[in-house]
Amino acid sequence: KTIIWHGPPRHWLYSVFVPSSAHLAWFCLIDFRDLIENKLGRSASLPKWLLKRLEFDVLIAQALLDGAAIQAQVVTAEVASELRAYHAGLLCATSREDDLPPELQVPSSFKLPALSLLQVTNQVSPFVNYLPAHPVNKQEQLEHFAGGGSASLSKGAVQQLYDLCKSQPLLGHCIGRALAPAGCAAALATGRRLQQMCLGLTADA
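Counting from 1, residues in each chain are numbered in the order their sequence is written. Under the rules for a predicted model, residues below a pLDDT of 70 receive no local features and side-chain atom pairs below 80 are neither given nor counted, while totals for whole chains, interfaces and linings still include all residues. Note that water and hydrogens are dropped before the side-chain values are worked out from all heavy atoms of the structure.

## Some details on the overall build of the protein
Here is step 1: Runs of E in the DSSP output that reach at least two residues are strands. Runs of H or I that reach at least four are helices, and both are numbered from the N terminus. Secondary structure assignment for the protein yields 9 helices and 4 strands.
Here is step 2: When the helices and strands of the protein are listed from N to C terminus, the series reads α-α-α-α-β-β-β-β-α-α-α-α-α.
Here is step 3: A principal-axis box enclosing the C-alpha atoms of the protein has dimensions of 55 × 45 × 25 Å.
Here is step 4: Burial classes: relative accessible area under 20% of the type maximum marks a residue as buried, over 50% as exposed, and values in between as partly exposed (1.4 Å probe, protein chains only). The buried share of the protein, taken over its 205 residues, is 44%.
Here is step 5: Working convention for charge: Lys and Arg count positive, Asp and Glu count negative, and His plus the chain ends are omitted. To locate a charge, take atom NZ for lysine, CZ for arginine, CG for aspartate or CD for glutamate. Taken as two groups, the 17 positive and 16 negative side-chain charges of the protein have centres that lie 0 Å from each other.

## Some remarks on helix α7 (residues 155-167)
Here is step 1: By definition here, a helix of n residues has an expected span of 1.5 Å times n minus one. The end-to-end C-alpha distance of α7, which contains 13 residues, comes to 19 Å, matching closely the 18 Å that a straight helix rising 1.5 Å per residue would cover.
Here is step 2: Taken together, the buried positions of α7 are occupied by A157, V158, Q160, L161, Y162, L164 and C165.
Here is step 3: The secondary structure elements touched by the buried residues of α7 are α3 (48-69), α4 (77-94), α8 (169-179) and α9 (188-204). Whether two residues touch is decided by their heavy atoms; if any such pair falls within 4.5 Å, the residues are in contact.

## Things to note about the nonpolar core
Here is step 1: Here, nonpolar core refers to any group of buried Ala, Val, Leu, Ile, Met, Phe, Trp, Tyr and Cys residues whose side-chain atoms link them within 4.5 Å. Of all hydrophobic cores here, the largest spans 39 residues; its most connected members are I60, L64, L83, L153, L161, I175 and L179.
Here is step 2: Of all the secondary structure elements, the ones that give two or more residues to this core are α3, α4, α7, α8 and α9.
Here is step 3: With 8 residues, α3 is the largest single contributor of residues to this core.
Here is step 4: Apart from the residues lying within four places of it in its own chain, the contact partners of L64 are Q73, V75, A80, L117, V128 and L131.
Here is step 5: Counting 17 residues, the second largest nonpolar core, distinct from the first, contains I4, I36, L51 and L112.

## Re α4
An α-helical segment advances 3.6 residues per turn. Residues three or four places apart therefore align on the same side.
Here is step 1: Here α4 is 18 residues long and its end C-alpha atoms lie 26 Å apart, about the 26 Å a rise of 1.5 Å per residue gives.
Here is step 2: Most of α4 is tucked away, with 13 of its 18 residues classed as buried.

## A short note on the environment of M197
Here is step 1: Residue position: M197 is located in helix α9.
Here is step 2: Along the backbone, M197 and V158 are 39 residues apart, and their C-alpha atoms lie at a distance of 7.6 Å.
Here is step 3: Look past the residues within four positions of M197 in its chain and what remains in contact with it is V158, L161, Y162 and C165.

## Topic: the pairing of strand β1 (residues 109-112)
Here is step 1: Here β1 shows a clear split, with F110 and L112 buried on one side and none of S109 and K111 buried on the other.
Here is step 2: Taken together, the 4 bridges between β1 and strand β4 (residues 134-137) define a ladder with antiparallel strand orientation. Opposite F110, over in β4, you have V136 as the bridge partner. By definition, two strands form a pair when at least two bridges between them are found by DSSP.

## Concerning the side chain of H23
Here is step 1: Residue placement: H23 occurs in helix α2 (residues 21-39).
Here is step 2: Whenever two N or O atoms come within 3.5 Å, that pair is a polar contact, provided that in protein one can donate a hydrogen and the other can accept it, and provided that, for residues adjacent in sequence, both atoms are side-chain atoms. Reaching out from H23, the side chain makes a polar contact with the side chain of S20 at a distance of 2.6 Å.
Here is step 3: In contact with H23, not counting residues within four places along its chain, are V18, V58, A61, Q62 and L65.

Have a look at this one:
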């Protein structure tokens, strides 16, 4: 459970089967649910926002790993970190918690764990294989995403998402959908920019 919430220790052994700390956390989630629900016969109550964060980290990790493997790594470490921070803030701004017990709510502050990746090829910079931890303050994110969805991604991030959608269409689409869920007012500005990006992709097809 500690790895699910906070990630693994800084120095842990990668493998081709567990190529990132995000994958390790996801596998721990599967084992945790199996232990609690199937072995102990209880409900494995984990916050929905945490599950979405874990899923998004797996998407980012897979995009970086696959990009390195096919020598088309279009997402930099800086933009990958920006996407993770934006998504974590969006989770703070959009979680519906009125009827949830405190342990299932987004905490007032938490740390987005560092994301470490297996070195796929010798050509990949080690900086792309490690994204540092990032502190998240819930109140700051609520204020940042308030006001009709004014919060948005940088121009560089949108350009790299465009390039990702060209080289890895399925991953790019899944990441974009997580960053701008349908009908999400807080992500309105990002949603509009991603719609324009999709038009550009269609025109280039």
